Amino acid sequence: VKDSLTIVVDAIAASSVASSTPVSVPRSDRDVSVITYDVPFQSAFFRTLAPRSEAASFFSFYFSRKPSPTEQSATSASRQEVHFMSRISSIRELQNGWFGDKSIAPSPSLISWVEANCRAFMTAPVSIVPVADGSIALQWADERNEYTAELHDDGRMVFLVDDLESDNMTEAETQLNVEALSRFIASGILG
Amino acid sequence: VTYAEDVDLPALDDRNEVLLRQVHPLLYLEDGKLSSVAFYPSVVDEGLLSTRRAHIGAQDAYEQWILTHESSGTWGISVGELLDESLESVDDSSLPNTPEGHASVDFTHLSSNAQARGPLYVPSEAATT
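Worth saying up front: this structure is predicted, and the values here are computed from it rather than measured. (Residues numbered from 1 in each chain as written. Chains lettered and ligands numbered in written order. Predicted model: local features only at pLDDT ≥ 70, side-chain atom pairs only at ≥ 80, totals over all residues. Heavy atoms only, no water.)

K.L.:
Help me out: how do you make sense of the confidence of the model for chain A in this one?
P.N.:
Close reading of the predicted structure is inappropriate where its pLDDT is low. All names here are of chain A. Of the residues in chain A, 58% have a pLDDT of 70 or more, and the chain-wide mean is 72. Across chain A, the secondary-structure element scoring lowest on mean pLDDT is helix H2 (residues 39–48), at 37, and the one scoring highest is helix H5 (residues 108–117), at 95. Across residues 1–7 the pLDDT falls below 50, and counting only partners more than four positions away or on other chains, this stretch makes 5 contacts in the model. (pLDDT = per-residue confidence, 0-100. Helix = DSSP H or I, 4+ residues; strand = E, 2+ residues; numbered from the N terminus. Contact = heavy atoms within 4.5 Å.)

K.L.:
What should I look at first to understand the layout of surface pockets in this one?
P.N.:
By volume, the second largest pocket amounts to about 860 Å³. Forming the boundary of the second largest pocket are 30 residues, of which Asp-101 of chain A together with Ser-50, Trp-65, Pro-99 and His-102 of chain B lie nearest the centre. Contributing elements (two or more residues each) for the lining of the second largest pocket: strand E1 (18–22), strand E2 (48–52), helix H2 (58–65) and strand E5 (102–106) of chain B. Looking at the lining of the second largest pocket element by element, the count peaks at 5 residues for E2 of chain B. Split into classes, the residues belonging to the lining of the second largest pocket amount to 12 nonpolar, 11 polar and 7 charged. (1 Å grid on protein atoms, 1.4 Å probe; cavity = no way out; pocket = protein on both sides within 12 Å on 5 of 7 lines; lining within 4 Å. Points joined across faces, edges and corners; volume = space filled by probe spheres on them. Nonpolar A, V, L, I, M, F, W, Y, C, P; charged D, E, K, R; others polar.)

K.L.:
Please clarify how the nonpolar core should be interpreted in this entry.
P.N.:
In globular proteins that are soluble, nonpolar side chains generally tend to be buried together. Formed by 52 residues in total, the largest nonpolar core has its most connected members in Ile-128, Leu-138 and Leu-181 of chain A. With 5 residues, the next largest nonpolar core counts Tyr-3, Leu-9, Leu-48 and Val-90 of chain B among its residues. (Core = buried A, V, L, I, M, F, W, Y, C linked by side-chain atoms within 4.5 Å. Buried < 20%, exposed > 50% of the residue type's maximum accessible area, 1.4 Å probe, protein only.)

K.L.:
Which parts of the structure should I look at to understand the packing of aromatic side chains?
P.N.:
Any two aromatic rings considered together are summarised by their centre-to-centre distance and by the angle between their planes. Residue and element names in this part refer to chain A. Within the structure shown, the criterion is met by 7 aromatic pairs over all chains. Seen from their ring centres, Trp-98 and Phe-99 are 5.4 Å apart, and the 25° between their planes marks the pair as stacked. We note that Trp-98, like Phe-99, is buried. Aromatic pair Trp-140 and Tyr-147: ring centres 5.4 Å apart, planes at 15°, arrangement stacked. The residues Trp-140 and Tyr-147 share a single accessibility class, namely buried. (Phe/Tyr/Trp six-rings, centres within 6.5 Å; stacked < 30°, edge-to-face > 60°.)

Quick look at the structure:
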């Protein structure tokens, strides 16, 4: 958001200072739409008081207030959604050999399954990671364990729990199904 | 039989040597940490994690790798850290079709140890289906 704001502020500063013309800011972008301010005031502010660097600082401060719980939740969900779609798109572009000569790209059918069934899990801090054997792993961690759910194209699903203290790993295998995956993500308990 | 015994090559023993590993840009978690996938061989790797020896240099290892693959950069793990996990590493660059200064970390031996020890926990059939 800060980068976006800096770009917006720079654009406003440049055009306002140069022309004194009121500047409107597009509100279509999700990250930028929270910006509300009085344009004539800002024009005057830029023109009379602040070089661009100070203007950027002013905006950074002004807009870096702590979001409300609702905003925070929405922002987090949006970030997870963006992460999910970005990962799916990138994984779809992988070719065989992507991570070493023997590595296999996840199949289109497996990617489609993940895209169709795993979007709902992205409200939790779950990451999507391709594996060299062509499977796709969902990974997350808490203070005690690291959790992995490996989704395989042959219909298998392998759950792994790695105890960070003892380094012991336990695993369970089942068939690919959303309910079991959902339970594992929610509870971290095998089976 | 360990990989070192199988290919009749000595295991690396300089605990301070840091082996070099390329990490694909997708092998990071959302919080920016490395995924365990980056440092664990998959089935297609047949239990061998591919690395380069320290003398290759982190930058050269990266630049050679990205001629044919993607990488976000070179990461490292020391021979000593691997030995602490009962993992041997072997310079197998003398084998055919293997680049100079290549070292494989032998996870098959770790599997053998685990196999010898037996399962520590097996969930019931009902719990896994």
